[in-house]
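Given next are the chains, with one letter for each unit.
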Amino acid sequence: MRRTVIVMLDGLRRDFVGPENTPHLAALAERAERFAGYRSTFPSATRVVSSTMATGCYPARHELQGNTLVLLEDGRLVRHDAGHPDFLQRKRVVTGRSLAVPTLAERLAGHGGAIIFNNVSPGAAYAHDPDGHGHVYHRAGSFGPGRVPLPSERQLNVTLDAVGDRAMTERFVTDALARPGPALAVLWLGEPDHIQHNCLLGSPEHLAVLREADRNFGLVFQAVEALRQAGDDVLLIAGSDHGHETVTGVVDIEDELVTAGFKSSPDSEEIVVAANGTAALIYVHPDHAARLAGLEDFLNSRPWAGLVVGAESLGTVGQAARHGLAFAVSLKGDERPNAFGVPGSCLVAKPAGGKADRLGCGQHGGLNAYEQAPVLMIDGLGFEAGASRETPVAVVDIAPTVLRHLGLPAEGMDGQPLQLSPTEDRS
Ligand SMILES: [Zn+2]
């Protein structure tokens, strides 16, 4: 049978892949095609990449604008954490739809189905299948078709760390890589992202966990080889959703907007900032559109502003001016190394609600070099073993690539299949 297997090592930077720290991924690189021009989304944030990968569309079309975002609800700008387990169900109530375009899980219902095992935030996990077409396993709750909760003995009771990832990987191999199995099996590890947010990049603590994440990939690699030997035509996609940069400073954008007179108080709702790590989405209530020109000049004058994208140009970063989204900001970064010699330093937007700012540790969200250098390798029919493709490719290209392998149409997606040759000539 034709099947596709995707393994994501959350937060893995391309320059951390090598024989010493990731021997299994390095072994895959010998026989897979590597994508040196693969970039993350904007924001380069897990929930955004998850919905983009699931739909083959940019946020402008699937509507999950950020890890933190704003919905215009009854005439008010209301900030939401899209990592919350109920976020997309809440969005459906507010806007009439969860994600605005179909997911792979929906497209594959009736064509072999999809199983997702995921150990990042619940919101990111459920973005793969918010309407319940396949199976999603997550520690916050696992669901089958119709979003019916699975019985307690089939729930995924794991921790968000390397040990939990290991237990999840073993379940994944047993359940999702069985024969016969689903047309699409996705394993999304919580590491190395989780450790990178909590220690110095390149530290012994970081590298130890990275080796564990690679070992988990190795289990899948081995299981995929067994499937191939048994006769299955498997497309194996391994990669990550974004990289990380070292946080060197924290900017309280809302506080600056209050001081400059654009906002009347930190809690006022005429302008709302959704911090996304090293990026921010800035929403302006339609009643206050007169402030837009002055606000654009102000943002561009800030020493922390890397790139400021205004409402009319949001399409250039895959976004659209919905729900009052007026500016997309990537905070300033540079090449400076941290104490372990790992290059890439960046400022972050202060998160709402007292969440950790990750000062000194890893973070992501913007358009800086290392957060936009994640990993993508594809092993299977239509890909050149051991080659490196330099042309730009994007997260939106993954879903059409999956469908091409399965012989299914991919109409209505922003991305393009990455196979070099037609797959009709398979034996
Ligand atoms: Zn991530």
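See above for the structure.
Residues numbered from 1 in each chain as written. Predicted model: local features only at pLDDT ≥ 70, side-chain atom pairs only at ≥ 80, totals over all residues. Heavy atoms only, no water.

On to the packing of helix α1 (residues 23–31) against helix α9 (residues 204–229), then. Put simply, α1 and α9 touch, their axes get as near as 7 Å, and they point 40° apart. Looking at the two axes, α1 sits oblique to α9. Along the contact surface, α1 presents Pro23, His24, Leu25, Ala27, Leu28 and Arg31, while α9 presents Asp214, Arg215, Phe217, Gly218, Phe221, Glu225 and Arg228. (Axes fitted to C-alpha atoms, helices over the stretch in contact; angles between N-to-C directions. Helix = DSSP H or I, 4+ residues; strand = E, 2+ residues; numbered from the N terminus. Parallel < 35°, antiparallel > 145°, perpendicular 65-115°, else oblique. Contact = heavy atoms within 4.5 Å.)

Right, let's talk about the pattern of salt bridges for a bit. Throughout the structure, instances matching the rule amount to 25 salt bridges. Aspartate 379 serves as the salt-bridge partner of arginine 31, at 3.4 Å between the closest nitrogen and oxygen. With arginine 31 in helix α1 and aspartate 379 in strand β20 (residues 376–379), this residue pair connects regions lying 348 residues apart in the sequence. For arginine 31, a relative accessible area of 32% puts it in the partly exposed group. Here aspartate 379 falls in the buried class, since its relative accessible area comes to 6%. Taken together, the shared-partner salt bridges connect Arg31, Glu225, Arg228 and Asp379 into one network. (Salt bridge = Lys/Arg side-chain N within 4 Å of Asp/Glu carboxyl O. Buried < 20%, exposed > 50% of the residue type's maximum accessible area, 1.4 Å probe, protein only.)

Moving on: helix α11 (residues 292–301). Buried residues of α11: Leu295, Phe298 and Leu299, and no others. One side of α11 carries all its buried residues, which in axial view fall inside an arc of 95°. Set apart from the buried face of α11 by more than 90 degrees, the exposed residues are Ala293 and Asp297. Looking at the buried residues of α11, the elements they touch are α10 (253–259), β13 (271–276), β14 (279–284), β15 (305–310) and β16 (325–331). (Arc of directions from axis to C-beta.)

Below, the discussion takes up the nonpolar core. Val5, Phe117, Phe172 and Phe217 are the most contacted members of the largest nonpolar core, which has 38 residues in total. Elements supplying a minimum of two residues to this core: β1 (2–9), α1, β6 (114–118), α7 (162–176), β10 (184–189), α9 and β11 (233–239). Ignoring any residue separated from it by four or fewer positions in sequence, one finds phenylalanine 172 in contact with Val5, Phe117, Leu177, Ala185, Val186, Leu187 and Val220. Core analysis: the next-biggest nonpolar cluster, separate from the first, contains 35 residues, Ala114, Ile116, Val186 and Ile378 among them. (Core = buried A, V, L, I, M, F, W, Y, C linked by side-chain atoms within 4.5 Å.)

The subject of this paragraph is the packing of aromatic side chains. Evaluation of the coordinates by the stated rule reveals six aromatic pairs. A ring pair is formed by phenylalanine 262 and phenylalanine 298, whose centres lie 5.2 Å apart and whose planes are at 50°; its orientation type is tilted. Linking phenylalanine 262 in the loop between α10 and β13 with phenylalanine 298 in helix α11, this pair joins segments that are 36 residues apart in sequence. We classify phenylalanine 262 as buried; its relative accessible area is 14%. (Phe/Tyr/Trp six-rings, centres within 6.5 Å; stacked < 30°, edge-to-face > 60°.)

Glancing now at the coordination of the zinc ion. Taken together, the protein donors to the zinc ion comprise Asp10 (OD), Asp10 (OD), Thr46 (OG1), Asp241 (OD) and His242 (NE2), at separations of 2.0 to 2.7 Å. For the zinc ion, the single-chain donor residues occur in sequence as D-x35-T-x194-D-H. With aspartate 10 in the loop between β1 and α1 and histidine 242 in the loop between β11 and β12 (245–251), the pair connects residues that are 232 residues apart, well separated along the chain. A relative accessible area of 1% means that aspartate 10 is categorised as buried. (Donors = N, O, S within 2.8 Å, 3.2 Å for Na, K, Ca; no water.)

Attention now moves to unusual backbone geometry. Generally, phi is negative for residues other than glycine and the peptide bonds are trans, each holding for most cases. Cis peptide bonds are those with omega within 30 degrees of zero, and the linkage from phenylalanine 42 to proline 43 qualifies with -10°. Tracing the sequence through the fold places proline 43 in the loop between β3 (38–39) and α2 (46–55). That bond from arginine 179 to proline 180 is cis: its omega, -10°, falls within 30 degrees of zero. On the secondary structure map, proline 180 appears in the loop between α7 and β10. Within the chain, arginine 147 stands out as a residue other than glycine whose phi angle is a positive 55°. The phi dihedral of arginine 358 falls on the positive side, at around 65°, and the residue is not glycine.

Most of β11 is tucked away: six of the seven residues are buried. Pairing between β1 and β11: seven bridges, direction parallel. Bridged to isoleucine 6 within β11 is isoleucine 237. As paired strands, β11 and β20 are joined by four bridges and run antiparallel to one another. Residue pairing across strands places isoleucine 237 opposite isoleucine 378, the latter belonging to β20. (Pairing = 2+ DSSP bridges.)

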